[in-house]
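Breakdown of the fold
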Amino acid sequence: MLIIENLHVSIAGHTVAEVEKLELANGQRIGFVGESGSGKSMIVMSILGLQPKSAKVTGSIKFNGVELIGIPAKKLADIRGRLIGLVPQDPTKSLNPTMRIGKQIAEAISLHSNAGKKAILRRVRELIDNVRLPDPDRIIKSYPHQLSGGQQQRVLIAIAIACEPKLLIADEPTTALDVTVQGEILNLLLTLSKELDMGLLFVSHELGVVRFVCQKVAVIYGGQVAEFGNADSIIKQPAHRYTDALIAANISLPRNEIEVAGNTNQLHSVRGSVPSIGEFPDGCRYRNRCDFAIDSCRSFVPMRQKDKDHYHRCCNPISSAEKPNVTH
Amino acid sequence: MSHIDVKNFYFSYAPRSARETGIWTLSNLNFSVEAGGFLGIVGESGSGKSTLIRNLCGLLPITEGHVHIDGCNLASLSAREMIDLRRKIQLIYQNPKRSFDPRMRIGRSISQPIRSLEKRAPSDEELANLLASVGLQAEHLNRFPHELSGGQLQRIAIARALSVRPGILLADEPTSALDVSVQAQALKMIAELREQLKLTVVLVSHDLAVVGRVTDSIIVLKDGVIVEAGNTANVLLNPQHAYTQKLAEAAAVVSL
Ligand SMILES: Nc1ncnc2c1ncn2[C@@H]1O[C@H](COP(=O)(O)OP(=O)(O)OP(=O)(O)O)[C@@H](O)[C@H]1O
Ligand SMILES: Nc1ncnc2c1ncn2[C@@H]1O[C@H](COP(=O)(O)OP(=O)(O)OP(=O)(O)O)[C@@H](O)[C@H]1O
Ligand SMILES: [Mg+2]
Ligand SMILES: [Mg+2]
């Protein structure tokens, strides 16, 4: 359904994203993980032509056979919303502060359907209920600032799924939600995906959430796919050193008294920090932060195959004899 | 004497109708935090966590009941005492990007609290020391917010909050906009600074794993009511209320 080939995004001459090949089948769910600044949003936003104005995009992104790169803005706008839904990363920036919530959801519905007023209102209420927002009468009449952070985020999800899209791009859609509401929203996305055969590109920094929702995971670093494979095998048997460090940094639920309270020694982070654009090293993007870097990391690192359906670009990968850094 | 003491506390954004209907945003809250304590507030989205934080630092008026900070009643502070309170209690928000003026260099932003609360201009050395306390260098003072990462900005927000030597730090989801790696750094930093400076900290987070790793007590909010409170290990490992149990189960599903 979605085929990305040789996608290249640059800002002021610096590469910010490059994806050689990524395919999403009907109803398939792929998760994007990686640190802040690794290029996750840049990749997914360029699918919808929503990259920053200063960015230059080349390559090919085909959606059901239609080339999206270079497509006229009007055509793209029609596809977006009707066939591709988007939950953008920043809820407060994405809602119109001067329009009531009910009207904003109704607009999303009427943009692509000619249902009557009554039917639209019914659908608005159904969507509000779908995303587990309480008290629909109040929500409909509220302005964005009168809602809590998590409530705003759910309004955006309602807008994105309003037209039952064929593909949903969700950029950190649950960061502001408590775990029980998050669980319900993730289940909602799963149900939509299964019942309507909706494809999902799901961006998150939480590996546990991605494993719950997606079949496949792409680990993003320096704008590239560093590792790609089935969610379980990526988490249990990572090959790339970056993936391994990312998993070790994950904060898991404390399971006993020792892990509770004040024991911050158990909190790990990936050494160093993500470079700014233009400051990534040549060769392996991660090599200047990696404890296992070797000479060959300095030259171009192609994608290699680890197993069936498991790919990575690491010169000194974790071998099967070695125990991953993973403590979970 | 408790550092923060909340008694028979009620709040509504529409107090008049709340008094008639009995429907409150926050209802009959009772809890206290000892000096040097680390309290976590968890709860449903929309349950009133951010509202409570804004009440604790005087940004929203208390509708009914009492909040005492250091023994002083928040509702009956003089203008002078209010300024003093602003210094004693500092706040960090969820999104570090939005808590900095994009047109202002970091050096200028970070000196604002000292300028407005202590009515003086901090020296360059003082600012450099502040940044050093959160592991950043003096060169960062000349940068603009967009030239820094989210993690760096959140550390600067922490440094800025601590610049006026508050006794209480209120943090509303300080790490949820950050990626896991940076999250660990920011949490470690808050925990370490708390030890060093003997701070009282209140941390709002929807992430049980985060709250569980750093706080020593927890209150659980649902629909504006405290449904469970107690020491962190007890609440997390042996939750009593059905909602807390649901919370712990849901957290386990997405935990690695
Ligand atoms: N409008 C812009 N102009 C210039 N550079 C930008 C712009 N937006 C993003 N960048 C840079 O592009 C790189 C990739 O950013 P991107 O937003 O894709 O990261 P991300 O993986 O989505 O991170 P996060 O988890 O913080 O959302 C970063 O270095 C970022 O600073
Ligand atoms: N300015 C406002 N006017 C009216 N109602 C408001 C206002 N701000 C928040 N509310 C409502 O008060 C309730 C509590 O909101 P609050 O922001 O405190 O929740 P929260 O627990 O912080 O939620 P989240 O986890 O989603 O941030 C919500 O139902 C919200 O819709
Ligand atoms: Mg992003
Ligand atoms: Mg909040």
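Details of the structure are given in the entry above.
The sections below set out a description of the structure shown in this document.

This part takes up the site of ligand 2. Surveying the vicinity of ligand 2 reveals 18 residues, the closest of which are A:Ser148, A:Gln151, B:Ser45, B:Gly46 and B:Thr51. Nearby residues around ligand 2 are contributed by chains A and B. In the environment of ligand 2, an oxygen atom lies 3.3 Å from a nitrogen or oxygen atom belonging to the backbone of B:Ser47. A distance of 2.4 Å separates an oxygen atom of ligand 2 from a polar side-chain atom of B:Thr51. Expressed as a share of its isolated accessible area of 640 Å², the protein-covered part of ligand 2 is 86%. Looking at the shell around ligand 2, the elements that each hand over two or more residues are helix H7 (149–161) of chain A together with helix H2 (49–56) of chain B. Of the residues contributing to the shell around ligand 2, the split by class is 2 nonpolar, 13 polar and 3 charged.

Time to look at the side chain of B:Arg194. Residue and element names in this part refer to chain B. Structurally, Arg194 is set in helix H7 (residues 180–197). Judged by its relative accessible area of 15%, Arg194 is buried. Residues contacting Arg194, with those up to four places away along its chain left out, are Gly36, Gly37, Phe38, Leu199, Val201 and Asp216.

Residues and elements named next belong to chain A. Around ligand 1, 13 residues are found, and the nearest of them are Ser36, Gly37, Ser41, Met42 and Gln89. The side chain of Ser36 places a nitrogen or oxygen atom 2.3 Å from an oxygen atom of ligand 1. The separation between an oxygen atom of ligand 1 and a polar main-chain atom of Met42 is 2.9 Å. For ligand 1, whose free accessible area comes to 640 Å², the fraction covered by protein is 68%. It is helix H1 (residues 40–47) that provides the largest number of residues to the shell around ligand 1, a total of 3 residues. Across the shell around ligand 1, the residue classes break down as 4 nonpolar, 6 polar and 3 charged.

Reading the values: the criteria
- Residues numbered from 1 in each chain as written.
- Chains lettered and ligands numbered in written order.
- Predicted model: local features only at pLDDT ≥ 70, side-chain atom pairs only at ≥ 80, totals over all residues.
- Heavy atoms only, no water.
- Near = heavy atom within 4 Å.
- Polar contact = N/O pair within 3.5 Å; in protein donor to acceptor, adjacent residues only side chain to side chain.
- Areas by Shrake-Rupley, 256 points an atom, 1.4 Å probe, with all protein chains shown as cover.
- Helix = DSSP H or I, 4+ residues; strand = E, 2+ residues; numbered from the N terminus.
- Nonpolar A, V, L, I, M, F, W, Y, C, P; charged D, E, K, R; others polar.
- Buried < 20%, exposed > 50% of the residue type's maximum accessible area, 1.4 Å probe, protein only.
- Contact = heavy atoms within 4.5 Å.

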